[in-house]
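# Residue-level structure breakdown
The primary structure of each chain is shown beneath.
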Amino acid sequence: MASEEAKTRTTTGAGAPTSTKTPPADPAGRASAARESVDPESVDRTSGTRESGVRSPDVRSSSAGSSVAGAPKGEQPATRAWATRLVVVGIVLAALNLRPAITSLGALLEEVRDGLGMSGTLAGLLTSVPPLCFAVFGSLAPRFARRFGPPAVVCAGMVAIAAGLLIRPFIGGTVGFLAASALALMGIAVSNVLMPVIVKRWFPDRVGSMTGLYSMALALGTSLAAAATVPLTDALGGSWRTGLAVWATIAVVAVVPWIALARHRAAGEAGAERVPAAVRRQDEALRITHSRTAWALACFFGLQATAAYITMGWMPQIFRDAGVPAGEAGVLLAVTMAMGVPLAFVIPRVATRLPHQGPVVAVLGACGLAGYAGLYFAPAGGAWAWALLCGISNCAFPLALTMVGMRAKSSTGVAKLSAFAQSTGYLISIPGPLLVGVLYQHSGGWGLPIALMAGLMVPQIALGILAGRDRTVEDEVAARASAARPGA
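Now for a look at the structure at hand.

Calculation rules
Residue numbers restart at each chain and count upward from 1, following the sequence in its written direction. Only residues with pLDDT of at least 70 are given local features in this predicted model, and only at 80 or more are side-chain atom pairs given and counted; all residues enter the totals for whole chains, interfaces and linings. With hydrogens and water stripped out, all remaining heavy atoms of the structure feed into the side-chain values. Helix and strand labels come from DSSP, where a helix needs a run of H or I of at least four residues and a strand needs a run of E of at least two; each type is numbered from the N terminus. Burial status follows relative accessibility: with a 1.4 Å probe on protein chains alone, a residue under 20% of its type maximum counts as buried, one over 50% as exposed, and anything between as partly exposed. We call two residues in contact whenever any of their non-hydrogen atoms come within 4.5 Å of each other. Think of it this way: a Phe, Tyr or Trp ring, Trp meaning its six-membered ring, pairs with another when their centres are within 6.5 Å, and the plane angle makes it stacked under 30 degrees, edge-to-face over 60, tilted otherwise. Fitting a line to C-alpha atoms yields each axis, with helices limited to the stretch in contact; the angle taken between N-to-C directions then spans 0 to 180 degrees. By the definition adopted for this analysis, an angle is roughly parallel if under 35 degrees, roughly antiparallel if over 145, roughly perpendicular if from 65 to 115, and oblique otherwise. By convention, the crossing between two helices is left-handed when the near helix turns anticlockwise from the far helix through less than a right angle, and right-handed when the turn is clockwise. Residue polarity follows a fixed list, in which Ala, Val, Leu, Ile, Met, Phe, Trp, Tyr, Cys and Pro are nonpolar, Asp, Glu, Lys and Arg are charged, and the others, Gly among them, are polar. Here, expected helix span is obtained from the residue count minus one, scaled by 1.5 Å. It is the directions from the helix axis to the C-beta atoms that the arc portrays. Between Lys or Arg on one side and Asp or Glu on the other, a salt bridge is scored when a side-chain nitrogen of the former is within 4 Å of a carboxyl oxygen of the latter. Polar contact criterion, stated in full: a pair of N or O atoms within 3.5 Å, where within protein one must be able to donate a hydrogen and the other to accept it, and residues adjacent in sequence count only if both atoms are side-chain atoms. Nonpolar core, defined: a set of buried Ala, Val, Leu, Ile, Met, Phe, Trp, Tyr and Cys residues in which side-chain atoms within 4.5 Å join the residues together. The disulfide criterion is simple: two cysteine sulfur atoms within 2.5 Å.

### Focus on the side chain of Ser 104
Looking at the secondary structure, you find Ser 104 in helix α6 (residues 100-107). With relative accessibility at 0%, the residue Ser 104 sits in the buried group. Excluding residues within four positions of it along the chain, Ser 104 makes contact with Arg 168, Ala 225, Thr 229, Leu 244 and Trp 247.

### Some details on the packing of aromatic side chains
How two aromatic rings sit relative to each other is given by the distance of their centres and the angle of their planes. Taken as a whole, this structure holds nine aromatic pairs when the rule is applied. Where Phe 177 meets Trp 240, the ring centres are 6.3 Å apart and the plane angle is 65 degrees; that geometry is what we call edge-to-face. Separated by 63 residues along the polypeptide, Phe 177 in helix α11 (residues 174-202) and Trp 240 in helix α13 (residues 240-245) bring together distant segments of the chain. Residue class for Phe 177 comes out buried when judged on its relative accessible area of 0%. Aromatic rings pair up to connect Phe 134, Phe 301, Phe 397 and Tyr 426 into one cluster.

### Quick look at the packing of helix α20 (residues 358-377) against helix α21 (residues 383-393)
For the pair α20 and α21, the least separation of the axes is 8 Å and the interaxial angle reads 150 degrees. When the axis of α20 is compared with that of α21, the two are roughly antiparallel. Regarding α20 and α21, the two cross each other, and that crossing is left-handed. Along its contact with α20, which presents Leu 364, Cys 367, Gly 368, Ala 370, Gly 371, Tyr 372, Gly 374 and Leu 375, the element α21 presents Trp 386, Leu 389, Cys 390, Ile 392 and Ser 393. Taken together, the residues of the contact of α20 with α21 break down into nine nonpolar, four polar and no charged.

### Topic: helix α25 (residues 447-467)
Since there are 3.6 residues in each turn of an α-helix, residues three or four apart along the chain are aligned in direction. Here α25 spans 31 Å end to end across 21 residues, near enough to the 30 Å set by a 1.5 Å rise per residue. Within the sequence span of α25, burial applies to Pro 449, Ile 450, Met 453, Met 457, Gln 460, Ile 461, Gly 464 and Ala 467. Looking straight down α25, one finds that the buried residues subtend no more than 130 degrees of arc, so they occupy a single side. Buried-residue contacts for α25 involve α17 (292-321), α20, α21, α22 (396-406) and α24 (431-443).

### What to know about the pattern of salt bridges
A full pass over the atoms with the stated rule returns two salt bridges. When the shortest N-O distance is used, the salt bridge between Lys 409 and Asp 475 registers 2.8 Å. Linking Lys 409 in the loop between α22 and α23 (411-429) with Asp 475 in helix α26 (residues 473-484), this pair joins segments that are 66 residues apart in sequence. What makes Asp 475 partly exposed here is its relative accessible area of 40%. The shortest N-O distance in the salt bridge between Arg 471 and Glu 476 comes to 3.8 Å. With relative accessibility at 34%, the residue Arg 471 sits in the partly exposed group. Glu 476 gets classed as buried once you look at its relative accessible area, which sits at 15%.

### Quick look at the environment of Met 337
The residue Met 337 is located in helix α18 (residues 326-338) in this model. It is 9.1 Å that separates the C-alpha atoms of Met 337 and Leu 388, two residues lying 51 residues apart in sequence.

### Considering the side chain of Thr 306
Here Thr 306 is to be found in helix α17. On the basis of relative accessibility, which here comes to 4%, the residue Thr 306 falls in the buried class. Side-chain polar atoms of Thr 306 contact the backbone oxygen of Gly 302, separated by 2.8 Å. Setting aside residues up to four positions removed in sequence, Thr 306 forms contacts with Ile 428, Ser 429, Gly 432 and Leu 456.

### Re the nonpolar core
Counting residues in hydrophobic clusters, the biggest one holds 102 residues, and the most contacted among them are Ile 91, Met 195, Trp 258, Leu 375 and Leu 399. For this core, the element with the highest residue contribution is α17, accounting for 13 residues. For Trp 258, the residues in contact, after removing those within four places along its chain, are Gly 90, Ile 91, Ala 94, Pro 151, Val 154, Cys 155, Met 158, Met 195 and Ile 198. In terms of nonpolar packing, the next biggest core, distinct from the first, is built from ten residues, Leu 126, Phe 177, Trp 240 and Leu 244 among them.

### As for the state of the cysteines
As enumerated under the stated definition, the model contains zero disulfides in all. Free cysteine Cys 395: the closest other cysteine sulfur is in Cys 367, separated by 9.5 Å. Taking the relative accessible area as the measure of exposure, Cys 395 reaches 2% and is therefore buried.

### A short note on the packing of α17 against α18
Between two packed helices, the angle of one axis relative to the other and the distance separating the axes together describe the packing. Contact geometry of α17 with α18 gives a least axis separation of 9 Å together with a crossing angle of 145 degrees. For α17 against α18, the interelement crossing comes out right-handed. The residues of α18 that touch α17, namely those facing Thr 311, Met 312, Met 315, Pro 316, Phe 319 and Arg 320, are Ala 326, Ala 329, Leu 332, Leu 333, Thr 336 and Met 337.

By themselves, these observations are geometric and do not establish any function.
This is the structure we're talking about:
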């Protein structure tokens, strides 16, 4: 539709649309052509130019063209504006729900263990479930998106999050709690993968700013659930069940805009970015594992996730063992996580303005190395500085999401790259926190675990620089296929 519509219109120097087709001979045809003409502002929006930096999606006509022909002038821009605003609201609300299921449980893990009679082994398994679910269920997201459309799948993801959070405290028993948690994590996994796809589809000219907005909302939801779960639990009567279930409320609210987007088929079609048919066919047949950039991005994603999970799980204990009071250690972790709120908005915007994202990767990695060095030599003396540096380093997550959106040509390619990078990356991240715990237990101190954390930062920087090169996975796969042909 997009290519056909582009062929039927050209823009004059004054900005008025003129038809390139042969004018119809009958009066009805002339009237129909006149009704299809739109004002210059509308042409500017649908032609893909940067008006206020946004390529607004257009609402196309039906196959017969009657719905567009009979629509009043100005109805299409109004529909586009409404749909675009709804997508922005949906992205923010969805992002707010992608971590509270994890961080709210961490705040009440001791109470949950006591209430369910959960063993220490099962509790450790529970902390390893999120990346495993992200890897397994996230890989299915592109298939679901092709079948039902990204808005419908994200809507189902929000429903799964709401249902899982609501029933897991009350279902009874450890097995039921784990199953309900997996349901919520499944919704998070598919939404994780499809958020970059939604951004690429609706805002192809604003990947950086929209990824920044999404990442900022995700960081806000993460820190809010970590900081507010215990006070909310106390305010609601002290029951850990209520304290966990209350986070289902935000997920229920997030369902509303995605229901509207999933049901509004015209708006869903309008969100499709204008890409050549050849690119669309190329992405549909894309073998993502044949791209070196895809592998570099997947490993980079996995190593930054490893660092983030180690930080969330072990940083307070590092500070407490160094003599920092327990309350202050918790505040230091909150500061580390809160750094992601402003920086998650800034870093993607900076990254999209650079032809190569390697310098951003190197700066974030250097902050991580400096933070780990501080934790090794003077954990208590410069605790606040190390917390800030580690918080800056953890902002490699929004950078990775931004690079996912930049390394493929269309939303179809982004869907495949996002699923591959996140699924592979989360699998890579699973052993990290467990290995740190083993090293801590057997060495009796934090020297070896911190050395491991610093050692992992080196390949993270190298792989991030490789993933940040100005190229696309489609071009890499095509070049490899050409080189593999006999006589090439």
